[in-house]
Amino acid sequence: MSKNDKTCANGHIYEKHLEICPYCPPNSEGMNDNLERTLVDDGKIDSPPPREAPKAAVNPLKTVVHKADDISSGSSSHNRKLIGWLVSFTLNPDGDDYKIREGKTAIGASVPCEIILNDSEVSAHHATILYRKGKIRIKDEFSTNGTQLNGEDIEESTLKDGDVIKIGRSELKLRIA
């Protein structure tokens, strides 16, 4: 962590000039909890008691990740933990970034994929990234043009920080949180 960074109450490190943590979802009042959570000079985080997050509507088409606590209490987790990003400068010179969360993340050219690439060489549901038990895997979903990892054609493979995934004409670099 550099002197230009600060840490929110959830442990995310972000640039000091930002007023709120860009990784934390906004609360029910439309404000980010981190407006109330500040990093004090001694490096400790001063925060108010946590508020319960509003219940989100369940989309029956999305996979929901259940944790042991959720199953025993009868509730489900609608917010999946952020585990990394895919970053690309291929189609947009200013750059594009896509969040990768625990569970499955579908990549393709159309809805219901979480990551939609505007690339004519990308299939509707081209590939799936899966984060489970500390491992990140990618699987080609029988796409027309295939999926490459670090220049090699793959059907399924384990990913690590810095890997370059090529889907259609788009090159996406994996950065792990």
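Structure's up top.
Residues numbered from 1 in each chain as written. Predicted model: local features only at pLDDT ≥ 70, side-chain atom pairs only at ≥ 80, totals over all residues. Heavy atoms only, no water.

Participant: Mind laying out the sheet that holds strand 12 (residues 152-154), listing which residues take part and the relevant values?
Facilitator: One open sheet accounts for six strands, arranged 6-5-15-14-11-12; its pairing is antiparallel. Edge strands, defined here as strands with exactly one partner in the open sheet, are strand 6 (96-101) and strand 12. Sheet twist, expressed as the mean angle between neighbouring strand axes with direction ignored, is 30°. Strand direction decides the pairing type here: strand 11 (residues 147-149) and strand 14 (residues 164-167), joined by three bridges, are antiparallel. Within strand 14, the position partnered with Thr147 by the bridge is Ile167. (Pairing = 2+ DSSP bridges. Helix = DSSP H or I, 4+ residues; strand = E, 2+ residues; numbered from the N terminus. Axes fitted to C-alpha atoms, helices over the stretch in contact; angles between N-to-C directions.)

Participant: So what about the environment of Lys135? Which residues, and what values?
Facilitator: With respect to the secondary-structure elements, Lys135 resides in strand 10 (residues 135-140). Judged by its relative accessible area of 55%, Lys135 falls in the exposed class. For the pair Lys135 and Thr158, spaced 23 residues apart in the sequence, the C-alpha separation amounts to 7.3 Å. (Buried < 20%, exposed > 50% of the residue type's maximum accessible area, 1.4 Å probe, protein only.)

Participant: Before we move on, can you summarise the nonpolar core with the specific residues and values?
Facilitator: Leu86, Leu117, Ile129, Leu159, Ile165 and Ile167 are the most contacted members of the largest nonpolar core, which has 19 residues in total. Elements supplying a minimum of two residues to this core: strand 5 (82-88), strand 6, strand 9 (127-132), strand 10, strand 14 and strand 15 (170-176). For Ile165, the residues in contact, after removing those within four places along its chain, are Leu86, Ile129, Ile138, Thr147, Gln148, Leu149, Leu159, Ser170, Glu171 and Leu172. (Core = buried A, V, L, I, M, F, W, Y, C linked by side-chain atoms within 4.5 Å. Contact = heavy atoms within 4.5 Å.)

Participant: Tell me about a positive patch on the surface, and please be specific about residues and values.
Facilitator: A surface patch of positive charge is lined by Lys104, Arg132, Lys133 and Lys139. Among the structural elements, Lys139 can be located in strand 10. Lys139 gets classed as partly exposed once you look at its relative accessible area, which sits at 37%. (Patch = residues over 30% accessible without salt bridge, like charges linked within 9 Å, V, L, I, M, F, W, Y side chains within 5 Å. Areas by Shrake-Rupley, 256 points an atom, 1.4 Å probe, with all protein chains shown as cover. Salt bridge = Lys/Arg side-chain N within 4 Å of Asp/Glu carboxyl O. Lys, Arg positive; Asp, Glu negative; His and termini not counted. Charge placed at Lys NZ, Arg CZ, Asp CG, Glu CD.)

Participant: Explain the side chain of Ser88 to me, using residue names and the numbers behind them.
Facilitator: Its place among the elements puts Ser88 in strand 5. Among the polar contacts listed, one links the side chain of Ser88 to the backbone nitrogen of Thr90, at a separation of 3.2 Å. Within the structure, the side chain of Ser88 is placed 2.9 Å from the backbone oxygen of Glu171, a separation counted as a polar contact. Sequence-distant contacts of Ser88, defined by excluding residues within four places in its chain, comprise Gly95, Asp96, Glu171 and Leu172. (Polar contact = N/O pair within 3.5 Å; in protein donor to acceptor, adjacent residues only side chain to side chain.)

Participant: Please provide a residue-by-residue account of the sheet that holds strand 13 (residues 156-159), values included.
Facilitator: The five strands are arranged 8-7-9-10-13 in an open sheet whose pairing can be described as mixed. At either margin of the open sheet sits one strand with a lone partner, and together these are strand 8 (115-116) and strand 13. Examined bridge by bridge, strand 9 and strand 10 share six bridges and lie antiparallel to one another. Pairing of Thr128 across the sheet is with Lys139, part of strand 10.

Participant: Give me the lowdown on the environment of Lys104, citing residues and values where you can.
Facilitator: Structurally, Lys104 is set in strand 7 (residues 103-108). Distance in space between the C-alpha atoms of Lys104 and Arg137 is 9.5 Å, their sequence separation being 33 residues. Apart from the residues lying within four places of it in its own chain, the contact partners of Lys104 are Arg80, Glu114, Thr128, Ile129 and Leu130.

Participant: An account of the side chain of Ser157 is requested, with residue identities and associated values reported.
Facilitator: Along the polypeptide, Ser157 turns up in strand 13. Overall, the relative accessible area of 17% leaves Ser157 in the buried class. Not counting chain neighbours up to four residues away, the residues in contact with Ser157 comprise Ile136, Arg137, Ile138 and Leu149.

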